[in-house]
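What follows is each chain in one-letter form.
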Amino acid sequence: MSNKPIKEGIERERFSHEILGFLGIAFAISVFLFGFLYLTASSLAEIYFEKIYPSSYKSELEAISVWIRSISLLAASLFFVILFSVLLGQKVSYLREIIRGVEALRIHRMDYKVLVEGNDELSELAQSINYLCETERKLLEREKQMSEDRNRLIRALSHDIRTPLTSMLSYTQYLKEKREFAQEEMNEYLDMMYKKELQMKELTDRLLEDSERKVEYIENGKFLMKQLTEEWLELLEEKFHCKVDMENCPEFSIEIDIHELRRIFDNLSSNVEKYADVSQEVTLQIYEESGYVIIAQQNTTGERQDNIDRHHIGLGNIRQIVGFYGGNVEITQNKENFDICIALTKIKTV
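This report concerns the structure included in the present document. (Residues numbered from 1 in each chain as written. Predicted model: local features only at pLDDT ≥ 70, side-chain atom pairs only at ≥ 80, totals over all residues. Heavy atoms only, no water.)

1. Side note on the packing of aromatic side chains
Inspection of every chain in the model, using the stated rule, returns four aromatic pairs. Between F80 and F84 the ring centres are 6.2 Å apart and the planes differ by 5°, which places this aromatic pair in the stacked class. Linking F80 with F84, this pair stays in helix α2 (residues 58–106), spanning four residues, or about one helical turn. Looking at F84, the relative accessible area reads 17%, which means it is buried. The interplanar angle of 85° and the centroid separation of 4.9 Å between the aromatic rings of F324 and Y325 together place this pair among those described as edge-to-face. The exposure class of F324 is partly exposed, given its relative accessible area of 42%. (Phe/Tyr/Trp six-rings, centres within 6.5 Å; stacked < 30°, edge-to-face > 60°. Helix = DSSP H or I, 4+ residues; strand = E, 2+ residues; numbered from the N terminus. Buried < 20%, exposed > 50% of the residue type's maximum accessible area, 1.4 Å probe, protein only.)

Here it is, written out as structure tokens:
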């Protein structure tokens, strides 16, 4: 720490040395100019008086020499002031440029950049201003990006919360309207509602606390997929004719966040509820291909095709989740059909 004040002291002297250098240059040139004017004028005066007064001209020459000395001194002084002002004016102009940089920094004009000239305190100040502007600009961009990411997360989770909430409302409405039912059926619906409540709690926890994903090792991945397809089927079978195909799904293990996997299935079912043609079949296939577990869903859209292009949040959520696990999402759609193929992640077959 003892070297820092010494270093700063040396750096502070550079600008003063430069000013002294301007003074020295202006003074040296002014002295030369004074000598040149005085000697030249004196020589010309001596030659002039020698021709006019060949016998006696010394007294006249001494009188005129006083005027020559005074005029030469005045001219040299004026030249000194002008030259020093010009040299110093360059620094003053540069200082004004630095002041504009400080003002730009104050009003958050982060695109402003001060031209670095020379190697003194002013150039160091210009570099510092440019560094502060660049740092502030990056901080603002990072803050904006974080805000956009946060808003995107809120929109995504809010969208996914609606699916289990809608299911719970549907189950509740069904239980409310049905007057008689077996205890086993009631327990079944209560169990499904409890699962949706846990899912909503997990989503709201992530929304409010921004908790990290919980990737865990699932030894029986096929059984997990079967459970999720059954939940998918329960949500849609009352309104749609659904078909589930898991014949080509082998026994496998997988590392994944179960809540995120459930979000994928919820978004798939939500997409069907919103846009699929109720008179046509909806198919869901789970199989293995090239070491990936594949989730493929096909449905007919028909007249509801106009709504698809206005709702991309659910599909965007699927892409985001699958992207984390190194997978891929392919979507094929036209006026009548909508197909989505999700290569979720690498699996280990048993």
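2. Some points on the pairing of strand β4 (residues 281–289)
For strand β2 (residues 241–245) and β4, the ladder comprises five bridges, and the chain directions are parallel. Counted as the bridge partner of H241 is E281 from β4. Of the strand pairs in this sheet, β4 and strand β5 (residues 292–300) are connected by seven bridges, and their pairing is antiparallel. In the sheet register, L284 faces β5, and the bridge partner there is Q297. Where β4 folds back on β5, the antiparallel hairpin that results is connected by two residues, among which S290 adopts a positive phi of roughly 55°. (Pairing = 2+ DSSP bridges.)

3. Digging into the pattern of salt bridges
Evaluation of the coordinates by the stated rule reveals one salt bridge. With a shortest N-O distance of 3.2 Å, E231 and R262 are connected by a salt bridge. With a gap of 31 residues between them, E231 in helix α5 (residues 221–236) and R262 in helix α6 (residues 258–275) connect regions that are remote in the sequence. (Salt bridge = Lys/Arg side-chain N within 4 Å of Asp/Glu carboxyl O.)

4. Let's talk about the packing of α6 against helix α7 (residues 313–324)
At a minimum axis distance of 9 Å, the contact between α6 and α7 shows a crossing angle of 155°. In this view, α6 runs roughly antiparallel relative to α7, as classed from their interaxial angle. Of the two elements, α6 crosses α7, and the hand of that crossing is left-handed. Between α6 and α7, the contacting residues are E260, R263, I264, N267, L268 and N271 on the first element and G314, L315, N317, I318, I321 and V322 on the second. Partitioning the contact of α6 with α7 into residue classes produces six nonpolar, four polar and two charged. (Axes fitted to C-alpha atoms, helices over the stretch in contact; angles between N-to-C directions. Parallel < 35°, antiparallel > 145°, perpendicular 65-115°, else oblique. Left-handed = near helix turned anticlockwise from the far one by under 90°. Contact = heavy atoms within 4.5 Å. Nonpolar A, V, L, I, M, F, W, Y, C, P; charged D, E, K, R; others polar.)

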